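# Structure at a glance
The primary structure of each chain is shown beneath.
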There are 2 protein chains.
Amino acid sequence: MKKLAIIGLGLIGGSISAGLKGFEDYTIYGMDLDSDTLEYAREHHMADVVTDSVEEAVADADVVICCLHPQGILDFFRQHGEKLRPGTLLTDVGGVKSAIMEGAKCLPDWVDFIGGHPMAGRERGGIQNSTRRLLWGAHYIITPRPDSRQENIDLLKRIADYLGCRDTVSTSAKKHDDIIAYTSQIMHVMAVAICDDPHMFDCSGFVGGSFRDVTRIAALEPDLWTELFSMNAESLTATIQRLEESLKSYREAIAGADRDVLMKKLQHSSDRKRRMNLEHQRGDDIYALIN
Amino acid sequence: MKKLAIIGLGLIGGSISAGLKGFEDYTIYGMDLDSDTLEYAREHHMADVVTDSVEEAVADADVVICCLHPQGILDFFRQHGEKLRPGTLLTDVGGVKSAIMEGAKCLPDWVDFIGGHPMAGRERGGIQNSTRRLLWGAHYIITPRPDSRQENIDLLKRIADYLGCRDTVSTSAKKHDDIIAYTSQIMHVMAVAICDDPHMFDCSGFVGGSFRDVTRIAALEPDLWTELFSMNAESLTATIQRLEESLKSYREAIAGADRDVLMKKLQHSSDRKRRMNLEHQRGDDIYALIN
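Here the structure is a predicted model, which means the values were calculated and not measured.

The next thing to look at is the overall build of chain A. Tallying secondary structure elements over chain A gives 11 helices and 8 strands in all. The C-alpha radius of gyration computed for chain A amounts to 21 Å, which stays within 12% of the reference 19 Å derived for 291 residues, consistent with globular compactness. Its C-alpha atoms give chain A principal-axis dimensions of about 70 × 40 × 35 Å. Split into buried and exposed, the 291 residues of chain A put 59% on the buried side. Counting contacts in chain A only where the partners sit at least 6 residues apart, residues at least 24 apart contribute 69% of the total. Accessible surface, chain A: about 12,000 Å² in total, of which carbon and sulfur atoms supply 48%. The averaged location of the 44 negative side-chain charges in chain A is 7 Å from the averaged location of its 33 positive side-chain charges.

As structure tokens, then:
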């Protein structure tokens, strides 16, 4: 049997651990330091072996998936990188990639590190919210290094596939961070910004699907998202500034007397959304029922 | 038998017409001018009587529900108000209320007009997207006039209940428009503003649930939303400006070197969202399965 270790059994680590049971000829080791988490993992059979020892988990491991918060991932590289055996595939699940690829430079040269970001989440973290279905239909983004071995890239793709992901998307750390600032991070910034509005607690009875959908993600974990935002500050602040300008131009069009100006703007933007829907439709249809 | 007329069989009118079949001892008249819509309504038995004649629909009607776009509602008041018989309950479904309550002043004094706004919708309009389930679990907001008859308010509540609404919320037009700018309109402004970003068509493969949820409503009907935004410009532009300021303060916190500042902001906003979730939980649980 080969050995695959999950470091950190929170929402993502727990979901990946449970989801990887039975993967090829791997024994799944789940590692965490928190005693309640360990008890939950054992009770729910979320890994073949559950341990509180990093050393036990990574010793002779063929694959190590580091499922900590971004700062924890960087710390893991420094503190435990030397303990990995030659040829080990090391990957992570962090939502920022430039800072992590940069941090991975401290790893010994016998470790094959490939960045990873499965695009799935829930408002509530922790192992008790994890589910082997969490990644079903999600994009699994990977950021290989120039010297990453093809067999390890292929192995990571099989892992993503076994977890039920829609596809594996290979990209650079820079492009990942630019795009993720737009597709994910700013959605979270908007959601929390909306929740600062003084009307927030007056609006019971006036809420429809759009408000629920937009603000759902505002109940985020502040420590995790402080790291994610701070580690991608340049791309994210540029994206926020573009949104502020776009909102301002809508505000001016709405305040203006000429309804045609507003109508043309709305036509333009909604056409873009409909065009995007068409382009994404094939993939979305397949997963419509499970997402 | 009593008579209830639906004027306009689009997404909302079609859904209400189909949903009201069998309501108490009322015969449901569905009226539209478009021949395809009429054919669809007849084929799908969406009303007891389907007609292209306003006169036929409103003659001796006990209840008239005007399901046109806001400008169409105002035009209906002027062009057809005189045709309603004394004591008729007239209501509408427009998403702005001050402009419509103002417009209703042209109605003859024998018409009992009560404003209405069922908080439900879909990205795609038209009768072919209507469904008798559209209003299930939705808030039905009503804005009675000072002289509205209690028996008609009660009748409108029974209508909302029969349509499967969660509740009927009675409020003033001013409060409705202020709150709706926040809970609904600005969600749509954000969604279209996001779709103007140059990254829009680069992000296939990088999209998760948050992006899909936030931008879903961007595929809106430009003519309808031009009216809704323009007729509520004062509240909406003030709300947009507050959001711009909130985004700016997040941008500055993210750009700043002190992560504690950002952490505290995120803690504050996410706590507000969690508190709101708790307050709304009872109602939301009941409808979790159908929304």
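Quick look at the pattern of salt bridges now. Applying the stated rule across the entire model yields 28 salt bridges over all chains. Notably, a salt bridge pairs A:E151 with A:R149, separated by 3.0 Å at the nearest N-O pair. One salt bridge in this structure joins B:R216 and B:E123, with 2.9 Å as the shortest N-O distance. Of the two residues, B:R216 is situated in the loop between α8 (209–215) and α9 (222–230) and B:E123 in the loop between β6 (112–118) and β7 (139–143); the sequence distance between them amounts to 93 residues. Judged by its relative accessible area of 27%, B:R216 falls in the partly exposed class. Residues participating in the shared-partner salt-bridge network are A:E123, A:R216 and B:D213.

With that out of the way, let us pick up the pairing of strand β8 (residues 167–170) of chain B. All names here are of chain B. The pairing of β7 with β8 spans 4 bridges and is parallel. Directly across from Y140, in β8, lies its bridge partner T168. Crossover connection from β7 via helix α6 (residues 150–162) to parallel β8: handedness right-handed.

Next up on the list: the sheet that holds strand β2 (residues 26–31) of chain A. Residue and element names in this part refer to chain A. Overall, mixed pairing links the 8 strands, which are arranged β3-β2-β1-β4-β5-β6-β7-β8 in an open sheet. Here the strands that pair on one side only, and so sit at the sheet edges, are β3 (49–51) and β8 (167–170). The mean inter-strand angle of the sheet, taken between neighbouring strand axes irrespective of direction, is 25°.

Here the focus is the sheet that holds strand β2 (residues 26–31) of chain B. All names here are of chain B. Here 8 strands make up an open sheet; going across it, the order is β3-β2-β1-β4-β5-β6-β7-β8 and the pairing mixed. The strands lining the two open edges of the sheet, one partner per strand, are β3 (49–51) and β8. Looking at each pair of strands side by side, their axes are set apart by 25° on average, direction ignored. Here strand β1 (residues 2–7) pairs with strand β4 (residues 63–66) via 4 bridges, running parallel. Looking across to β4, one finds that I6 is bridged to I65. Packed on one face of the sheet, helix α1 (residues 11–20) meets β1, β2, β4 and β6 and runs near 160° to β1.

Our next topic: α9(B). In terms of residue burial, α9(B) counts as a mostly covered element, since 8 of its 9 residues are buried. Looking at α9(B), one finds that the buried residues are B:P222, B:L224, B:W225, B:T226, B:E227, B:L228, B:F229 and B:S230.

Looking now at the relation of the copies chain B and chain A. Placing chain B over chain A gives an RMSD of 0.0 Å and needs a rotation angle of 180°, together with 0.0 Å of translation along the axis. These values place the two chain copies in the arrangement generated by a two-fold rotation axis. With an isologous cut-off of 70% or more, the 100% of interface residues of chain B that recur at the interface of chain A puts this contact in the isologous class.

Turning to the interface of chain B and chain A, a few remarks are in order. With 92 residues of chain B at the contact, the number on the chain A side is 92 residues. On the chain B side of the interface with chain A, the three residues burying the most area are B:Y182, B:F201 and B:F206, jointly 10% of the side's total. Taken together, the connections running from chain B to chain A amount to 6 salt bridges. With its nearest N and O atoms 2.9 Å apart, the salt bridge here joins A:D213 to B:R216. Inspection of the region where chain B meets chain A yields 24 residue pairs in polar contact (both at pLDDT 80 or more). Only β7, α7 (173–195), α8, α9, α10 (233–255) and α11 (259–287) of chain B provide two or more residues apiece to the side of chain B that touches chain A.

To continue, consider the nonpolar core. A:F77 and B:F77 are the most contacted members of the largest nonpolar core, which totals 130 residues. With near-sequence residues (within four places) excluded, B:F77 lies in contact with B:L90, B:I100, B:G103, B:A104, B:C106, B:L107 and B:F113.

Following the sequence through the fold, B:S269 ends up in helix α11. Given the relative accessible area of 0%, B:S269 is considered buried. Once residues lying within four places of it in the same chain are set aside, the contact partners of B:S269 are A:V192, A:C195, A:D196 and B:Y250.

Bringing the confidence of the model for chain A into the picture now. Residues and elements named next belong to chain A. In the predicted model, chain A carries a mean pLDDT of 94, and the fraction of residues at 70 or more is 96%. Per-residue pLDDT stays below 50 along residues 283–291; that stretch engages in 12 contacts with residues further than four places along the chain or on separate chains. This prediction of the complex comes with two scores: 0.90 for pTM and 0.90 for ipTM.

This part takes up the packing of helix α7 (residues 173–195) of chain A against α7(B). Their axes nearest at 12 Å, the elements α7(A) and α7(B) cross at an angle of 155°. In terms of axis orientation, α7(A) runs roughly antiparallel to α7(B). In this structure, the crossing between α7(A) and α7(B) has a hand that is right-handed. Facing A:Y182, A:I186, A:M187, A:M190, A:I194 and A:C195 of α7(A), the residues of α7(B) in contact are B:Y182, B:I186, B:M187, B:M190, B:I194 and B:C195. For the contact of α7(A) with α7(B), a count of residues per class yields 12 nonpolar, no polar and no charged.

Cut-offs and rules
- Residues numbered from 1 in each chain as written.
- Chains lettered and ligands numbered in written order.
- Predicted model: local features only at pLDDT ≥ 70, side-chain atom pairs only at ≥ 80, totals over all residues.
- Heavy atoms only, no water.
- Helix = DSSP H or I, 4+ residues; strand = E, 2+ residues; numbered from the N terminus.
- Rg over C-alpha atoms; globule rule 2.2 N^0.38 Å.
- Buried < 20%, exposed > 50% of the residue type's maximum accessible area, 1.4 Å probe, protein only.
- Contact = heavy atoms within 4.5 Å.
- Areas by Shrake-Rupley, 256 points an atom, 1.4 Å probe, with all protein chains shown as cover.
- Lys, Arg positive; Asp, Glu negative; His and termini not counted.
- Charge placed at Lys NZ, Arg CZ, Asp CG, Glu CD.
- Salt bridge = Lys/Arg side-chain N within 4 Å of Asp/Glu carboxyl O.
- Pairing = 2+ DSSP bridges.
- Right-handed = clockwise from strand over helix to strand, strands pointing away.
- Axes fitted to C-alpha atoms, helices over the stretch in contact; angles between N-to-C directions.
- Least-squares fit on C-alpha atoms with pLDDT ≥ 70 in both.
- Buried area = accessible area lost by both parts, 1.4 Å probe.
- Polar contact = N/O pair within 3.5 Å; in protein donor to acceptor, adjacent residues only side chain to side chain.
- Core = buried A, V, L, I, M, F, W, Y, C linked by side-chain atoms within 4.5 Å.
- pLDDT = per-residue confidence, 0-100.
- Parallel < 35°, antiparallel > 145°, perpendicular 65-115°, else oblique.
- Left-handed = near helix turned anticlockwise from the far one by under 90°.
- Nonpolar A, V, L, I, M, F, W, Y, C, P; charged D, E, K, R; others polar.

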